[in-house]
Amino acid sequence: QQDLIGKWKSFEASSIGYYSIYTGEYAGMATASTNDEFVFNNNGTYQSTHTGTSTFNGSVSHGKSNYKGIFNVNNWILTASNRGANDPGEFSCQFEALKGGCMLRLINKTFSGQTMTLFKSN
C-alpha cells in the first residue's frame, strides 16, 4: 500500500473518421479523451478526478466525476470507498516497471472495460 502514496495521472485519446458506405465520401469524425487522477494519502484516504470529452462533427460533450474516501490494498486488489452508485470500487491493480519508474494499472472488477494506466506525477 505504501508504494501507492502520491499523485497518479493518466491521459488517453482516440479518434475515428467516418465514410459513407454508399458514396465513399467523408462523413465526419468522432474523438474521445479521458483524464484520470488519483491522490493516495499516507492516512489511507484517497481522492480522484475523472474527466472525459467526446466530439462528433462539431458537437462536444463533457463529463467530470470526483470521488474521495478510504482505500485499501490486499492481494493486488485495491478497494476505494464512495465510488458512486453501482460501483463497489474494486480494482485489480498491478505495477508495470519502466526505465526511470513504474506505471500503475487499475482494472475495475465490475466494469472491466474501465482500465486506467497511470504514471506517478510527484
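Values in this document were obtained by computation on a predicted structure and should not be read as measured data.

## What to know about the environment of Glu12
For step 1, the next point in the chain: As for its position among the elements, Glu12 is in strand S1 (residues 6-19).
For step 2, the next point in the chain: C-alpha separation for the pair Glu12 and Ala32, spaced 20 residues apart in sequence, amounts to 8.3 Å.
For step 3, the next point in the chain: Among all residues touching Glu12, those that are not within four sequence positions of it are Ala32, Ser33, Thr34, Thr115 and Thr117.

## Here's the deal with the nonpolar core
For step 1, the next point in the chain: The biggest cluster of nonpolar side chains holds 15 residues, and the ones touching the most others in it are Phe38, Phe40, Leu78, Leu104, Leu106 and Leu118.
For step 2, the next point in the chain: When residues of this core are traced back to their parent elements, those giving at least two are strand S2 (26-40), strand S5 (77-80), strand S6 (90-98), strand S7 (101-108) and strand S8 (115-120).
For step 3, the next point in the chain: Each residue touching Leu106, except ones within four places of it in the same chain, is listed here: Phe38, Phe91, Ser92, Cys93, Gln114, Thr115, Met116 and Leu118.

## Here's the deal with the side chain of Ser10
For step 1, the next point in the chain: Structurally, Ser10 can be placed in strand S1.
For step 2, the next point in the chain: If sequence neighbours within four positions are ignored, Ser10 has contacts with Thr34, Asn35, Asp36, Thr117, Leu118 and Phe119.

## Focus: the packing of aromatic side chains
For step 1, the next point in the chain: According to the stated counting rule, one finds seven aromatic pairs in the structure shown.
For step 2, the next point in the chain: Geometrically, the ring pair formed by Phe38 and Phe40 is stacked, given 5.5 Å between the ring centres and 10° between the ring planes.
For step 3, the next point in the chain: Residue classification places Phe40 among the buried residues on the basis of a relative accessible area of 1%.
For step 4, the next point in the chain: Ring geometry for Trp76 and Phe95: centres 6.4 Å apart, planes at 80°, overall edge-to-face. Of the two residues, Trp76 sits in the loop between strand S4 (59-74) and S5 while Phe95 sits in strand S6, which places them 19 residues apart along the sequence.
For step 5, the next point in the chain: Its relative accessible area of 54% is what places Trp76 among the exposed residues.

## Structural notes on the environment of His50
For step 1, the next point in the chain: By secondary structure assignment, the location of His50 is in strand S3 (residues 45-56).
For step 2, the next point in the chain: Assessed through its relative accessible area of 11%, His50 is described here as buried.
For step 3, the next point in the chain: Discounting residues that sit within four places of it in the chain, His50 has contacts with Asn35, Asp36, Phe38, Gly63, Lys64, Ser65, Tyr67, Arg83 and Met116.
For step 4, the next point in the chain: A distance of 2.7 Å separates polar atoms of two side chains, one belonging to His50 and the other to Asp36.
For step 5, the next point in the chain: At 3.0 Å, the side chain of His50 forms a polar contact with the side chain of Ser48.

What counts, and at which threshold
- Residues numbered from 1 in each chain as written.
- Predicted model: local features only at pLDDT ≥ 70, side-chain atom pairs only at ≥ 80, totals over all residues.
- Heavy atoms only, no water.
- Helix = DSSP H or I, 4+ residues; strand = E, 2+ residues; numbered from the N terminus.
- Contact = heavy atoms within 4.5 Å.
- Core = buried A, V, L, I, M, F, W, Y, C linked by side-chain atoms within 4.5 Å.
- Buried < 20%, exposed > 50% of the residue type's maximum accessible area, 1.4 Å probe, protein only.
- Phe/Tyr/Trp six-rings, centres within 6.5 Å; stacked < 30°, edge-to-face > 60°.
- Polar contact = N/O pair within 3.5 Å; in protein donor to acceptor, adjacent residues only side chain to side chain.

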